[in-house]
Amino acid sequence: QVQLVESGGGLVQPGGSLRLSCAASGIIVSRNRMGWYRQAPGKQRELVAALTSSGSTDYADSVKGRFTISRDNVKNTVYLQMNSLKPEDTAEYYCKVAFGQRNYWGQGTQVTVSS
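Residues numbered from 1 in each chain as written. Predicted model: local features only at pLDDT ≥ 70, side-chain atom pairs only at ≥ 80, totals over all residues. Heavy atoms only, no water.

Chemist: What am I meant to see in the overall build of the protein chain here?
Modeler: Looking only at helices and strands, the protein chain has zero helices and 11 strands in total. Walking the protein chain from its N terminus toward its C terminus, one meets helices and strands in the order β-β-β-β-β-β-β-β-β-β-β. Relative to the compact-globule value of 13 Å for 115 residues, the protein chain shows a C-alpha radius of gyration of 13 Å, a close match. With the C-alpha coordinates of the protein chain rotated into their principal frame, the extents come out at 40 × 25 × 25 Å. (Helix = DSSP H or I, 4+ residues; strand = E, 2+ residues; numbered from the N terminus. Rg over C-alpha atoms; globule rule 2.2 N^0.38 Å.)

Chemist: Please clarify how the environment of arginine 33 should be interpreted in this entry.
Modeler: Locating arginine 33 in the fold gives a position in the loop between β3 (18-25) and β4 (34-39). A relative accessible area of 42% places arginine 33 in the partly exposed class. Separated by 27 residues in the primary sequence, arginine 33 and alanine 60 have C-alpha atoms spaced 16 Å apart. Dropping the residues within four chain positions of it, arginine 33 is found in contact with Leu47, Ala50, Leu51, Thr52, Lys96, Val97 and Ala98. (Buried < 20%, exposed > 50% of the residue type's maximum accessible area, 1.4 Å probe, protein only. Contact = heavy atoms within 4.5 Å.)

Chemist: What should I look at first to understand the nonpolar core in this one?
Modeler: Soluble globular proteins: nonpolar side chains tend toward being buried together. One finds Leu4, Trp36, Leu80, Met82 and Tyr93 to be the most contacted residues of the largest nonpolar core, which totals 31 residues. Elements that contribute at least two residues to this core include exactly β3, β4, β5 (46-51), β7 (67-72), β8 (77-82), β9 (91-99) and β11 (109-113). (Core = buried A, V, L, I, M, F, W, Y, C linked by side-chain atoms within 4.5 Å.)

Chemist: Quick question: what am I supposed to make of the state of the cysteines here?
Modeler: A disulfide bridge is the covalent bond that connects two cysteines by way of their sulfur atoms. In total, this model carries one disulfide according to the counting rule given. Between the sulfur atoms of cysteine 22 and its disulfide mate cysteine 95 the distance is 2.1 Å. Taking the sign of the S-S torsion, about -80 degrees here, the bridge from cysteine 22 to cysteine 95 comes out left-handed. Highlighted residues: cysteine 22 in strand β3 and cysteine 95 in strand β9, separated in sequence by 73 residues. Under the relative-accessibility criterion, cysteine 22 is labelled buried at 0%. Judged by relative accessible area, cysteine 95 falls into the buried class, the value being 0%. (Disulfide = S-S within 2.5 Å.)

The following block contains the structure:
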């Protein structure tokens, strides 16, 4: 059974940093394309960053140069390092993997950027 568990969200001031974690079970993160998504109130869920099995990365234009996706193969965990956070980064952040012809999502972790 595939399970994704996010953590690391919280309240941070503009310009601050957070690191989100997505601990996976039932899959091997290094063998799958892993993605971080976010959804702000009243908006559609959007892709923030993705990491393929080959190590290629993809970022939304709005976070390029500020966010970094990475993984720890030993811990079977994917991370999203978020720097220079802005109020518009406020959202629920989700981890996702497509596996066995379906998508699996974590429960989400809230990130609030506010002074």
